[in-house]
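Chain by chain, the residues run as shown.
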Amino acid sequence: MTIWPIVERELRSAARQRFTYYLRLVGAGGLLLASAAFLSGHGGEPNLGARLFAHLHLTFFCAIWLLVPFLTADCISSERREGTLGLLFLTRLKPRDVVIAKGLAHGLRAATLWLAVLPVVAVPFPLGGVSWAEALISVLVNASAVCLALAAGLVASTLSRSWSRVVVWAGVLSALGLLLFLVGYLVISAGSVRRFSRVLSQLLAEDFLS
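Note that the structure is a prediction, hence the values are computed from the model and not measured.

As a further point, take the overall build of the protein chain. For the protein chain, the count of helices and strands is 11 helices and 0 strands. Each helix and strand of the protein chain, placed in order from N terminus to C terminus, yields the pattern α-α-α-α-α-α-α-α-α-α-α. At a minimum sequence separation of 6, the contacts of the protein chain that also span at least 24 residues come to 82%. When the accessible area of the protein chain is evaluated, it comes to approximately 11600 Å², of which 70% is carbon and sulfur surface.

Spelled out as structure tokens, the structure:
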């Protein structure tokens, strides 16, 4: 038996949840509001595309850590509350297979958030000032953040049967994951990544001071 029936079951269940659709709406709407607020205060300024891209990158990065951990926060604890987790282990599935299937299914849900915000993130490119190298680094940083945020939710889901407790654990582990991510990012930053960090920090500092 493979993990794909579990993935399909999780995706069908997620398709019936309002949170799946609210997630995309909040993500895309939040970036649209951030873009509108930025353009209303900085319209016509030089290097506008690069500064808007840095602003949107930071907004989306924060949204990932606020929203994505809760995609997986209740995926295993709900099985324990409903008494269905033991039924999965009556098959040839191992605990590792269940975790991989849950993570993959909810990773696809997180990818739909990315697709929802993609048109908004593409707005700075016609304005100029954004290189493909910077765009690639942004994609890699956000993809890493998504993986860590999903992992934080998965770990939280194994710590309790109570929905409220796993939500609290997801928030705590998400904060720890963000701290770990930032420390690791600062440690391994070198070459073009370090240059991008300086440019991003400079643009955000100029935005804050202005």
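Attention shifts here to the confidence of the model for the protein chain. Confidence along the protein chain averages 81 in pLDDT terms, with 87% of residues attaining 70 or more. Looking across the protein chain, the model is least confident in helix 11 (residues 192-209), with a mean pLDDT of 62, and most confident in helix 9 (residues 132-157), with 88.

Moving on, we come to the packing of aromatic side chains. Taken as a whole, this structure holds 6 aromatic pairs when the rule is applied. With 6.0 Å between their ring centres and 55 degrees between their planes, Phe-60 and Trp-114 make a pair best called tilted. Placement of the pair is Phe-60 in helix 3 (residues 48-67) and Trp-114 in helix 7 (residues 95-121), with a sequence separation of 54 residues. Ring geometry for Phe-61 and Trp-65: centres 6.4 Å apart, planes at 65 degrees, overall edge-to-face. With Phe-61 and Trp-65 both in helix 3, this residue pair falls 4 residues apart, about one helical turn. We note that Phe-61, like Trp-65, is buried.

A few words on the layout of surface pockets. The calculated volume of the largest pocket comes to roughly 420 Å³. Those elements that place two or more of their residues in the lining of the largest pocket are helix 1 (4-15), helix 4 (69-72), helix 5 (77-82), helix 7 and helix 10 (163-188). Among the elements that make up the lining of the largest pocket, the one with the highest residue count is helix 1 (4 residues). Class assignment for the residues of the lining of the largest pocket results in 9 nonpolar, 4 polar and 7 charged.

Turning next to a nonpolar patch on the surface. Taken together, Val-155, Leu-159, Val-168, Trp-169, Val-172 and Leu-176 make up a surface patch of nonpolar side chains, about 530 Å² in accessible area. The element best represented in the nonpolar patch is helix 10, accounting for 4 residues. On the secondary structure map, Leu-176 appears in helix 10.

If you check helix 3, its first and last C-alpha atoms are 28 Å apart, about what 20 residues at 1.5 Å a residue would give, namely 28 Å. Burial of helix 3 is extensive: 15 of the 20 residues sit out of reach of the surface.

What counts, and where the lines are drawn
The residue numbers shown here count from 1 along each chain, following its written sequence. Local features in a predicted model are, by the rule used here, given only for residues with pLDDT of at least 70; side-chain atom pairs are given and counted only at 80 or more, and totals for whole chains, interfaces and linings are based on all residues. Computation of side-chain values covers all heavy atoms of the structure but excludes hydrogens and water. Secondary structure follows DSSP: runs of H or I at least 4 residues long count as helices, runs of E at least 2 residues long count as strands, and numbering of each begins at the N terminus. Any pair of residues with heavy atoms lying within 4.5 Å of one another is described as a contacting pair. Shrake-Rupley sampling with a 1.4 Å probe provides the accessible areas, and residues are treated as covered by the protein chains on show and by no other component. On a scale of 0 to 100, pLDDT captures the predictor's confidence in every residue. Aromatic contacts are taken between Phe, Tyr and Trp rings whose centres are within 6.5 Å, Trp giving its six-membered ring; a plane angle under 30 degrees counts as stacked, one over 60 as edge-to-face, and the others as tilted. For each residue, the accessible area found with a 1.4 Å probe, counting protein chains only, is set against the maximum for its type, and the residue is called buried under 20%, exposed over 50%, and partly exposed in between. Two kinds of site are reported from a 1 Å grid over the protein atoms alone, namely cavities, where a 1.4 Å probe fits but cannot get out, and pockets, open sets with protein on both sides within 12 Å along at least five of seven lines, and residues are called lining when an atom falls within 4 Å of a point. Grid points are joined across faces, edges and corners, and a volume is the space filled by probe spheres set on the points. Under the scheme applied here, ten amino acids are nonpolar (Ala, Val, Leu, Ile, Met, Phe, Trp, Tyr, Cys and Pro), four are charged (Asp, Glu, Lys and Arg), and all others, including Gly, are polar. Residues enter patches when they are more than 30% accessible in relative terms and free of salt bridges; like-charged ones are connected within 9 Å and nonpolar ones (Val, Leu, Ile, Met, Phe, Trp, Tyr) within 5 Å. Salt bridge, as used here, is a side-chain nitrogen of Lys or Arg placed within 4 Å of a carboxyl oxygen of Asp or Glu. Here the expected span of a helix is defined as 1.5 Å times the quantity of residues minus one.

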